[in-house]
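Chain by chain, the residues run as shown.
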Amino acid sequence: MNITTPEQLCSKLWRRLFLCGLAVMAMAAVVTVRLAYLPAGPDASADQVIEMACWRISLLLAFQSAPLVWAHFIFKSYQRKRISIPLYQTMALLRMPLATWAGGCLITAVMLWPELNA
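Residues numbered from 1 in each chain as written. Predicted model: local features only at pLDDT ≥ 70, side-chain atom pairs only at ≥ 80, totals over all residues. Heavy atoms only, no water.

(A) Quick look at the overall build of the protein. Assigned secondary structure in the protein consists of four helices and zero strands. When its helices and strands are written in sequence order, the protein yields α-α-α-α. In terms of principal-axis extent, the alpha carbons of the protein reach across some 60 × 20 × 20 Å. Contacts in the protein between residues far apart in sequence, at least 24 positions, make up 79% of those at least 6 positions apart. (Helix = DSSP H or I, 4+ residues; strand = E, 2+ residues; numbered from the N terminus. Contact = heavy atoms within 4.5 Å.)

(B) Focus on the packing of helix α2 (residues 46-63) against helix α4 (residues 87-112). Axis separation between α2 and α4 bottoms out at 11 Å; the angle between their running directions is 170 degrees. If you check the angle between α2 and α4, you find them roughly antiparallel. Judged by residue contacts, L59, A62 and F63 of α2 engage W101, C105, T108, A109 and L112 from α4. Of the residues in the contact of α2 with α4, the class split is seven nonpolar, one polar and no charged. (Axes fitted to C-alpha atoms, helices over the stretch in contact; angles between N-to-C directions. Parallel < 35°, antiparallel > 145°, perpendicular 65-115°, else oblique. Nonpolar A, V, L, I, M, F, W, Y, C, P; charged D, E, K, R; others polar.)

(C) View of the state of the cysteines. Per the counting criterion, the structure on display carries zero disulfides. Among the cysteines around C20, which has no disulfide bond, C105 carries the closest sulfur, lying 9.6 Å off. Residue class for C20 comes out buried when judged on its relative accessible area of 8%. (Disulfide = S-S within 2.5 Å. Buried < 20%, exposed > 50% of the residue type's maximum accessible area, 1.4 Å probe, protein only.)

(D) Highlighting the pattern of salt bridges. Per the stated rule, a full pass over the model turns up one salt bridge. Of the charged contacts in the structure, one is a salt bridge between E51 and R34, with a shortest N-O distance of 2.5 Å. Placement of the pair is E51 in helix α2 and R34 in helix α1 (residues 6-37), with a sequence separation of 17 residues. Judged by relative accessible area, R34 falls into the partly exposed class, the value being 30%. (Salt bridge = Lys/Arg side-chain N within 4 Å of Asp/Glu carboxyl O.)

Next up, the structure:
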């Protein structure tokens, strides 16, 4: 399917944001549930500290999902000549989804990061 209008491209970008947002929400839910079972405080064992570090890394990787998906989508679409819109217009359409994504990741990180700092 060729993307010929900015509206079509915008809807594709927002759809990918929604799908990646579901992945981040699932990761945040798993982290929240898991943290409820771990004892908090300075008496955490080495295994718990390592698990907290793994959860932090997983959360950071989940935050990178949407930008990587967008970059892959835009690169492959231009490579296969499926997007007939100039690149500068594509980047302008990406501003709002990217700002929304960054804001959501910031809010998630502000809420979960102190919990992971055991």
